[in-house]
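Survey of secondary and tertiary structure
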Amino acid sequence: MRVVTWNVNSIKMRLSRTLGLLGRHEPDVVCVQELKVADEAFPAGQLEAAGYCSSVLGQVGRNGVAILSRDPLTDVARGFPGDPAPEQARVLSGSVGGLRIVNVYVVNGVAVGAPQYELKLRWLDALSAWLRAEHDRNDPLLIVGDFNVAPEDADVHDPERWRGRNLASEPERERIRALLGWGLVDLMRLHHEGRGPFTFWDYRAGAFHRDWGLRLDLALATRPVADRCTGVWVERDERKPTSGAGKPSDHAPVIVDLR
DNA sequence: ATGTCACTTTACAAGTGA
């Protein structure tokens, strides 16, 4: 089973590249974030023509998450109980192939101390509380998405420059550690040691060319799923301006293989 | 640190969020 997570930064602008990704990698499930469209404007027809069902939690102009799957999802859930900002479309869950999949687009936070940053911490606390209350760490659960947190110094290109800043600050990292402490495994770290790989490069200042990247897009799984994980990698070419139709997202897809 | 991008709107440029 192959699962992809990708912050597309507008599904409308990235539809052509998304179809290309489906054709090249033939994933079973694709979790996408930052749709920036309402449900009714989601291009479900074109994805269906490519062989994928869509489950969508959209929002006009911002946020928005969807799960594409070869087989239809069952038990689809929009949002999560306890969300401190339930009007923002950030979480969509569904089951397929005996696996519970949770697709998340975590609050960005903007800057340490900003109101959005305080919301980010509360939001992550609520997500953690929901997982602990309504899920079992012994069940097959995979939670993927744009966490907007680089969990460790190895996940940023320049740890000193990023120390204490939004996306890399200690309070955010504590929240990620709380998820891991409950019983989730960071699948990328099963297969890659040391610096990187990164999944996000800012559009500005030639950040991609300079490899000023961060690892913000994560795949976290309970032990039964982690034991089945045969590979995880970043499809870095997808961030290149030249390797697809139209412009790239500022995030690259993360691809997870499960036996 | 900021060589950008995509969105919205009493729209045809400017503000917002990332």
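The preceding data block contains the structure.
Residues numbered from 1 in each chain as written. Chains lettered and ligands numbered in written order. Predicted model: local features only at pLDDT ≥ 70, side-chain atom pairs only at ≥ 80, totals over all residues. Heavy atoms only, no water.

Attention shifts here to helix α1 (residues 11–25). When the terminal C-alpha atoms of α1 are compared, their 18 Å separation across 15 residues is substantially less than the 21 Å that a helix rising 1.5 Å per residue should span. For α1, the principal kink sits at arginine 17 and spans about 35°. Within α1, the full set of buried residues consists of Ile11, Arg14, Leu15, Arg17, Thr18, Leu21, Leu22 and His25. Buried-residue contacts for α1 involve β1 (2–7), β2 (29–33), α2 (44–49), β4 (65–69), β13 (229–234) and β14 (254–258). In the segment just after α1, glutamate 26 is the residue with positive phi, at about 45°. (Helix = DSSP H or I, 4+ residues; strand = E, 2+ residues; numbered from the N terminus. Expected span 1.5 Å × (residues − 1). Bend = angle between axes of the 7 residues up to and from the residue. Buried < 20%, exposed > 50% of the residue type's maximum accessible area, 1.4 Å probe, protein only. Contact = heavy atoms within 4.5 Å.)

Right, let's talk about the sheet that holds strand β6 (residues 91–96) for a bit. With mixed pairing, six strands are arranged side by side in an open sheet as β5-β6-β7-β8-β12-β9. The open sheet is flanked by β5 (74–78) and β9 (184–186), the only strands paired with a single partner. This sheet shows a mean twist of 20° between the axes of neighbouring strands, independent of strand direction. Two strands pair when backbone bridges link them, and β5 and β6 are joined in this way by three bridges, in the antiparallel orientation. (Pairing = 2+ DSSP bridges. Axes fitted to C-alpha atoms, helices over the stretch in contact; angles between N-to-C directions.)

With that settled, the discussion passes to the protein's contact with DNA strand B. Of all residues adjacent to DNA strand B, which total 22 residues, the nearest are Ser10, Arg161, Arg204, Arg210 and Trp212. Here, DNA strand B places atoms within 4 Å of the protein, and 52% of those atoms are sugar or phosphate. The separation between a phosphate oxygen of DNA strand B and a polar side-chain atom of arginine 14 is 3.2 Å. Secondary-structure elements contributing two or more residues to the surface near DNA strand B are α1 and α4 (159–162). Residue composition of the surface near DNA strand B, grouped by class: eight nonpolar, five polar and nine charged. (Near = heavy atom within 4 Å. Polar contact = N/O pair within 3.5 Å; in protein donor to acceptor, adjacent residues only side chain to side chain. Nonpolar A, V, L, I, M, F, W, Y, C, P; charged D, E, K, R; others polar.)

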